[in-house]
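# A structural walkthrough
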Amino acid sequence: QLEESGGGLVQAGGSLRLSCAASARTFSSYSMGWFRQAPGKEREFVALIGWRAINTSYADSVKDRFRIWRDNDKNTVYLQMNSLKPEDSAVYYCAAKCFRGSYDPGQYDYWGQGTQVTVSS
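These remarks concern the structure in this document.

Thresholds, definitions, all that
Residues numbered from 1 in each chain as written. Predicted model: local features only at pLDDT ≥ 70, side-chain atom pairs only at ≥ 80, totals over all residues. Heavy atoms only, no water. Helix = DSSP H or I, 4+ residues; strand = E, 2+ residues; numbered from the N terminus. Rg over C-alpha atoms; globule rule 2.2 N^0.38 Å. Buried < 20%, exposed > 50% of the residue type's maximum accessible area, 1.4 Å probe, protein only. Contact = heavy atoms within 4.5 Å. Areas by Shrake-Rupley, 256 points an atom, 1.4 Å probe, with all protein chains shown as cover. Lys, Arg positive; Asp, Glu negative; His and termini not counted. Charge placed at Lys NZ, Arg CZ, Asp CG, Glu CD. Disulfide = S-S within 2.5 Å. Core = buried A, V, L, I, M, F, W, Y, C linked by side-chain atoms within 4.5 Å. Pairing = 2+ DSSP bridges.

### Topic: the overall build of the protein chain
A tally of regular secondary structure across the protein chain gives 0 helices and 11 strands. Counting from the amino terminus, the protein chain carries its helices and strands in the arrangement β-β-β-β-β-β-β-β-β-β-β. Against the 2.2 N^0.38 benchmark of 14 Å for 121 residues, the protein chain shows a C-alpha radius of gyration of 13 Å, consistent with a compact globule. Projected onto the principal axes, the alpha-carbon positions of the protein chain cover approximately 40 × 25 × 25 Å. By residue count, 46% of the 121 residues in the protein chain fall in the buried class. Within the protein chain, counting contacts between residues at least 6 apart in sequence, those at least 24 apart form 58% of the total. Of the roughly 6,500 Å² that the protein chain leaves accessible, carbon and sulfur atoms contribute 44%. Of the charged side chains in the protein chain, 14 are positive and 12 negative, and the gap between their average positions amounts to 4 Å.

### Some details on the state of the cysteines
Under the definition given, this model contains 1 disulfide. The disulfide bridge from Cys 20 ends at Cys 94, spanning 1.9 Å between sulfur atoms. An S-S torsion of about 50° defines the bridge between Cys 20 and Cys 94 as right-handed. Here Cys 20, found in strand E3 (residues 16-22), pairs with Cys 94, found in strand E9 (residues 90-98); they are 74 residues apart in sequence, far enough to count as distant. On the basis of relative accessibility, which here comes to 0%, the residue Cys 94 falls in the buried class. For the unlinked cysteine Cys 98, the closest cysteine sulfur is that of Cys 20, found at 16 Å.

### What to know about the nonpolar core
Counting residues in each nonpolar core, the largest one holds 34 residues, and the members touching the most others are Met 32, Trp 34, Leu 79, Met 81 and Tyr 92. Contributing elements (two or more residues each) for this core: E3, strand E4 (30-37), strand E5 (44-49), strand E7 (66-71), strand E8 (76-81), E9 and strand E11 (115-120). Once residues within four sequence positions are removed from consideration, Met 81 is found in contact with Gly 14, Ser 15, Leu 16, Leu 18, Arg 65, Phe 66, Tyr 92 and Val 117.

### As for the pairing of E7
Across 6 bridges, E7 lies against E8 in antiparallel orientation. Residue pairing across strands places Arg 70 opposite Val 77, the latter belonging to E8. A loop of 4 residues connects E7 with E8, the two strands running antiparallel in sequence, and Asn 75 in this loop sits at a positive phi of about 50°.

Spelled out as structure tokens, the structure:
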């Protein structure tokens, strides 16, 4: 089970930190991804972190603005979002995939319920 938190309304240029808490004791065996979905659009990849927390990857649209990291002791993955833009507005989802991560949301095993991020101009 995954549960996101930290979404909200922020002005353009502002920051938010999303958290995703996992209930599984095997959290450290899962790569974790953040995805987002805006109204009328497909769910898109934002960032991922490997199960060993060595590798990270970002969508070009968020590179150098967002940062993903994980705390395996707390079974939590984070997404720090800086310099937010109105086009970042979406429902953000965290997802878990056993071992190797993927850019494809269809490859993930578990999903959270999502948290809304709204960036005003």
